[in-house]
Amino acid sequence: MDPKRLSSSSQQQVQLRKKRTKREWRPLEDRSCTDLPWFLLFTVFCVGMGSICGFTIVTGGAARLVFGYDSYGNTCGQRNELIEGVRLSGLDHTDRKFVFFLDPCNIDIVQRKIKSVALCVSLCPAEELKTYQDLKRFGMVNGSELCSYELAAHKYPSLPERIDKCPKLPVPPSKPLPVFNRCTPVDVSCYAKFAEAVVTFVGDSSVLHRLIAGVAASKEIIIGLCVLALALSMILMVIIRYISAVLVWILTSLVVLGSLAGTGVLWWLYIDHRLYGNDTSPKLPKEAKEEMKAELSADSGQALLVYAVSATVFTIILLLLMLFMRKRVALTIALFHVAGKVFIHLPLLTLQPFVTFLALLLFWIYWILVLLFLGTSGNPEQNEETGLTEFRLTGPLQYLTWYHAVGLVWISEFILACQQMTVAGAVVTYYFTRDKNRLPVTPILSSVLRLVRYHLGTVAKGSFIITLVKIPRLILMYIHNQLKGRENVCARLLLKTCICCLWCLEKCLNYLNQNAYAATAINSTSFCTSARDAFVILVENALRVATINAIGDFVLFLAKILIMTSTAFAGVLLLNYQRDYTEWLLPLIIVCLFSFLVAHCFLSIFEIVVDVLFLCFAIDTKYNDGTPGKEFFMDKALMEFVESSRRLGRAAERGRSRVKEAVSEGAEMKPMAPGTSSA
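All values reported here derive from a predicted model rather than from experimental measurement.

Thresholds applied
Residues numbered from 1 in each chain as written. Predicted model: local features only at pLDDT ≥ 70, side-chain atom pairs only at ≥ 80, totals over all residues. Heavy atoms only, no water. Disulfide = S-S within 2.5 Å. Helix = DSSP H or I, 4+ residues; strand = E, 2+ residues; numbered from the N terminus. Buried < 20%, exposed > 50% of the residue type's maximum accessible area, 1.4 Å probe, protein only. Phe/Tyr/Trp six-rings, centres within 6.5 Å; stacked < 30°, edge-to-face > 60°. Core = buried A, V, L, I, M, F, W, Y, C linked by side-chain atoms within 4.5 Å. Domains from an automatic or database assignment. Contact = heavy atoms within 4.5 Å. 1 Å grid on protein atoms, 1.4 Å probe; cavity = no way out; pocket = protein on both sides within 12 Å on 5 of 7 lines; lining within 4 Å. Points joined across faces, edges and corners; volume = space filled by probe spheres on them. Nonpolar A, V, L, I, M, F, W, Y, C, P; charged D, E, K, R; others polar. Arc of directions from axis to C-beta. Patch = residues over 30% accessible without salt bridge, like charges linked within 9 Å, V, L, I, M, F, W, Y side chains within 5 Å. Areas by Shrake-Rupley, 256 points an atom, 1.4 Å probe, with all protein chains shown as cover. Salt bridge = Lys/Arg side-chain N within 4 Å of Asp/Glu carboxyl O. Axes fitted to C-alpha atoms, helices over the stretch in contact; angles between N-to-C directions. Parallel < 35°, antiparallel > 145°, perpendicular 65-115°, else oblique.

## Quick look at the state of the cysteines
Move 1: By the definition in use, this model includes 3 disulfides.
Move 2: Here Cys-76 is linked by a disulfide to Cys-120, with a sulfur-sulfur distance of 1.9 Å. Its S-S torsion of approximately -80° makes the covalent link between Cys-76 and Cys-120 left-handed. In this pair, Cys-76 is assigned in the loop between α3 (61–67) and β1 (98–101) and Cys-120 in strand β4 (residues 118–121), connecting sequence segments 44 residues apart.
Move 3: Given the relative accessible area of 1%, Cys-76 is considered buried.
Move 4: Among the residues examined, Cys-120 registers a relative accessible area of 1% and is labelled buried.
Move 5: Note that Cys-147 is cross-linked by a disulfide to Cys-166, the S-S spacing being 2.0 Å. In this structure, the disulfide formed by Cys-147 and Cys-166 twists by about 115° around the S-S bond and is classed as right-handed. Placement of Cys-147 in the loop between α4 (132–142) and α5 (162–165) and of Cys-166 in the loop between α5 and β5 (174–176) is noted, with a sequence separation of 19 residues between them. No difference in accessibility class separates Cys-147 from Cys-166, as the two residues are buried.

Next up, the structure:
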C-alpha cells in the first residue's frame, strides 16, 4: 500500500477526531439531565433536614414550644410522664392550657429569655390583682391557681411560702398569645429595659417610645411608600433602556471632566505656591522666621507637586482607558437597550423577585420554627442556678443544630441559584429564537420546567460551592465578633484579611456560577463543563466584561439611589403634617431601607439579564459571522454595534494596508543608487 495514501488517511482521521472532541455550542438543541449525583445528594440532605423536624415532633420539642411547658418539665394542655429526679413533674395538665410567669419582667438581657418560674394555668388574669386576697379569689372563682402547684388557693394569704412561690404583686392584666398560649402582660412597659438593651443606640426610653409612636401613627404612609418603591422599580426596569445611553455618557463625561478639573486645580495651586508662597508662619525673630518659612514652603511645594503629578498620571490613564474602551461602552448601552426589550417580551420576569422572596420567606419561617423546636428538644436538665428544668440536646444530637445551620446556607443559596437559572433559561430562549413571534407562550414557565426536569443537580452543585466558601467566612466573622477587644492587632488584621479574601472569592464564584448556569441553559452541559466554557468566553472578552461590570453596575447603583431618594422625598412630603420632626426618623429609615432593598431585588434581575445577554452575544459573535448558514441570532441594536465595529475595523485595516504599501514602495526605490543606470 502507498505510504503517502496511508499518511493522508491518518491525517484525515486525526482531523475527524479533533472535530468530534471539539464540542460546539448548540443552543436549545439537545436536553439531558446534568449532575444527577448532586441532585441525589441534595435530595438526601433535604430528607435529613425534614428528619430533624420529625425528630423534634416525635420527642415532644414541637409540642413544648407550641403549647408551652412549666418549670418542672410538664407540657401544658396534656398528661405528662414523670421525669426522674424532678419534683412536681408528671402532672396532668389537660385543663391547664396556658403558661403563666410569676415574674414576667425578670428578663435575662444577655440570653434574651425570661428567668421567672413558669406554671401551667387554666386562665390568664384579665384584670390587675393587687393583693393575695385577689389571688385567692381569682383561683377559687375561675379554678386557675397562679401560685405553685403544692399551695392550695384558699391558703394563699396565710402561707409564709407565698412570697417565693406566688406571682410578684401587683399581677398585671394579661392575655394569651395566639397559637403559643403564653400569658403576656397587656402593658408591655416592663419590656422597655429589654428593648433599650436591644436597641443600643437609644439611650432615653422616652425617645424610643416617641419613635415607636411615630411608626404606629405613620403605618399607612409607610405601606404606601413601600408600594411606591415597588412601582418605581418595575417602571425603571422597562424605561432604563431609553435613558441608559444618556446616563452612561453623562457619567463618563463627569468623571473625565472632574479628573481634568482636579488635576488643573492642583497644578494651579503648585504654581501659585512657587510664585507667591504663603506666609502663615507665627511671629518669630526674623532669622528664625525666614528659616521656618523656607522649610514649610519646601514641604508644601513638594507635597503639592506629588499630588499634581499623581493626579496627572491618573487622568492620563483614565483618558487612555476611555479612548480604548469607548466601543465597549457602546456595547454596554446596546445590552441595556436589549435588556429593556427582554422585559417587554417576557413581562413575567418582573415577578421573579416576588417568587424568590416568597420561597425564601417560607423556608426561613420553617427553618426558624425547627430551630425553636430544637431549643425545646432533648433531655431534661435542672439549672443549678435557678432550679428550673430545661431541655438540651446532648451527645451526638447536639450536632443536629450544626446540620440545620448548614441547611440554612445551602438551601438559601439553592433557591437563589434556581432564580438565576430560571432567568438565564428564559433569556437564552429569547436570544436564540430568531423570530420573536415564535417564542413560547410563557418562556419563564418553560425555563422552570426545564430546570426541574434536567438541571436541579447543576444548581445544587453550584450552590454547594458557594456554601463551602460562605460558611468559613461566617465562622470567622463570629470569631471576630466574639474576640472584639480581646485579640491583638496581628490576630485582628489576619481575621479581617481572611474574611475579606473569602468575601472576594465568594463574589467571583457567584459571577462564574451565574455564567455557568447560562451555559447550562444553552448547551445542557454539566456544571464543571459549563463553568469552564463560560470562563473561556469571559477571558476572551475580558475588557468587555470589565467595562460592562464597571459602568453597568455603577448605572444600576445610581438607579437604586434614585428610587430610594425619590421614595424618601415623597415620604418627607407626606410626613410634613407631623409637627414633631423627631417622629420622622424611624419611618423614613424604614422606608429608605425597604425601597433600596426592593430596588436591589428588581435591578439584580436586570443585571442577570444583561450578563446572560452578553454571554449569548459573545458566543454568537464567536461562532457566527453573518454569512449564509452562520447567521447571527442577535437583536438589531447589537447588530448595529457589530456593523459599526466592523466598519471601524475595515477602516483601520485599509489605513494599515496603505502604510504598508507606502513602506514597500520606499523600500523598492532605495536600491536605485547613482551610476547604476544604463548609459
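Don't stop here, the text continues.
## Points about the packing of aromatic side chains
Move 1: One pass over the structure, following the stated rule, counts 14 aromatic pairs.
Move 2: An angle of 25° between the planes, with centres 4.2 Å apart, marks the rings of Phe-42 and Phe-414 as stacked. With Phe-42 in helix α2 (residues 36–58) and Phe-414 in helix α12 (residues 400–431), the pair connects residues that are 372 residues apart, well separated along the chain.
Move 3: On the basis of relative accessible area, Phe-42 is assigned to the buried category, the value being 8%.
Move 4: The exposure class assigned to Phe-414 is buried, which follows from its relative accessible area of 12%.

## Topic: the nonpolar core
Move 1: By size, the foremost hydrophobic cluster in this structure holds 84 residues, and its most contacted members are Tyr-431, Phe-606, Val-609, Leu-613 and Leu-638.
Move 2: Of the residues forming this core, the biggest block, 17 residues, is contributed by helix α17 (residues 585–623).
Move 3: Formed jointly, this core draws a minimum of three residues from each of two domains, domain 2 (214–278 + 296–378 + 541–652) and domain 3 (401–535).
Move 4: For Phe-606, the residues in contact, after removing those within four places along its chain, are Met-237, Ile-240, Phe-336, Ala-339, Gly-340, Phe-343 and Leu-556.
Move 5: In this structure, Phe-101, Cys-147, Leu-151 and Cys-166 belong to the second largest nonpolar core, which totals 28 residues.

## What to know about the layout of surface pockets
Move 1: As a volume, the second largest pocket reaches approximately 1,200 Å³.
Move 2: What lines the second largest pocket is a set of 34 residues, and nearest its centre among them are Leu-416, Gln-420, Lys-507, His-600 and Ser-604.
Move 3: Sorting the residues of the lining of the second largest pocket by element identifies α11 (352–375), α12, α13 (443–482), α14 (489–523), α16 (542–575) and α17 as the ones contributing at least two each.
Move 4: Here the lining of the second largest pocket is built from residues that sort into 14 nonpolar, 11 polar and 9 charged.
Move 5: Of the domains in this structure, domain 2 (214–278 + 296–378 + 541–652) and domain 3 (401–535) are the two that each give at least three residues to the lining of the second largest pocket.

## Focus on α4
Move 1: Within the sequence span of α4, burial applies to Tyr-132, Asp-134, Leu-135, Phe-138 and Gly-139. Looking straight down α4, one finds that the buried residues subtend no more than 155° of arc, so they occupy a single side. Exposed side of α4, more than 90 degrees from the buried face: Met-140 and Val-141 are the residues found there.
Move 2: Residues of α4 that are buried sit in contact with α5.
Move 3: Phi turns positive one or two residues past the end of α4, at Gly-143, with a value near 70°.

## Describing empty space enclosed by the protein
Move 1: This model, assessed by the stated rule, comprises 2 cavities of 30 Å³ or more.
Move 2: Computed from the structure, the largest cavity encloses a volume of approximately 60 Å³.
Move 3: Every residue lining the largest cavity is listed: Phe-336, Ile-548, Asn-549, Gly-552, Asp-553, Leu-556, Glu-607, Val-610 and Asp-611.
Move 4: At the level of elements, α16 and α17 are the ones that each hand at least two residues to the lining of the largest cavity.
Move 5: Broken down by class, the residue content of the lining of the largest cavity amounts to 4 nonpolar, 2 polar and 3 charged.
Move 6: Lining the second largest cavity, in full, are Arg-31, Met-421, Gly-425, Ser-447, Arg-450, Leu-451, His-455 and Ala-521.
Move 7: Listed by contribution, the elements that provide at least two residues to the lining of the second largest cavity are α12 and α13.

## Thoughts on a nonpolar patch on the surface
Move 1: Taken together, the side chains of Ile-235, Val-238, Ile-239, Tyr-242, Ile-243, Leu-247 and Ile-344 define a hydrophobic patch exposed on the protein surface, amounting to about 570 Å² of accessible area.
Move 2: In terms of residues, the nonpolar patch owes the most to one element, helix α8 (residues 219–276), which gives 6 residues.
Move 3: Mapping Tyr-242 onto the fold places it in helix α8.
Move 4: Under the relative-accessibility criterion, Tyr-242 is labelled exposed at 52%.

## Description of the environment of Leu-88
Move 1: Among the secondary structure elements, Leu-88 is positioned in the loop between α3 and β1.
Move 2: Between the alpha carbons of Leu-88 and Ser-148 there is a distance of 9.6 Å; along the sequence they are 60 residues apart.
Move 3: Once residues within four sequence positions are removed from consideration, Leu-88 is found in contact with Tyr-72, Asn-74, Ser-148, Tyr-149 and Glu-150.

## Topic: the packing of α13 against α14
Move 1: Between α13 and α14, whose axes approach to 9 Å, the crossing angle comes to 170°. The orientation of α13 with respect to α14, classified from their angle, is roughly antiparallel.
Move 2: Residue classes in the contact of α13 with α14 are distributed as 16 nonpolar, 8 polar and 5 charged.

## Topic: the pattern of salt bridges
In a structure, side chains of opposite charge can pair up when their charged atoms sit close to one another.
Move 1: Taken as a whole and assessed by the stated rule, the structure comprises 10 salt bridges.
Move 2: The closest approach of N and O atoms between Arg-473 and Glu-506, which form a salt bridge, is 3.0 Å. Placement of Arg-473 in helix α13 and of Glu-506 in helix α14 is noted, with a sequence separation of 33 residues between them. Each member of the pair, Arg-473 as well as Glu-506, carries the same accessibility label: buried.
Move 3: When the shortest N-O distance is used, the salt bridge between Asp-533 and Arg-532 registers 3.5 Å.
Move 4: Overall, Asp-533 belongs to the buried group, its relative accessible area being 11%.

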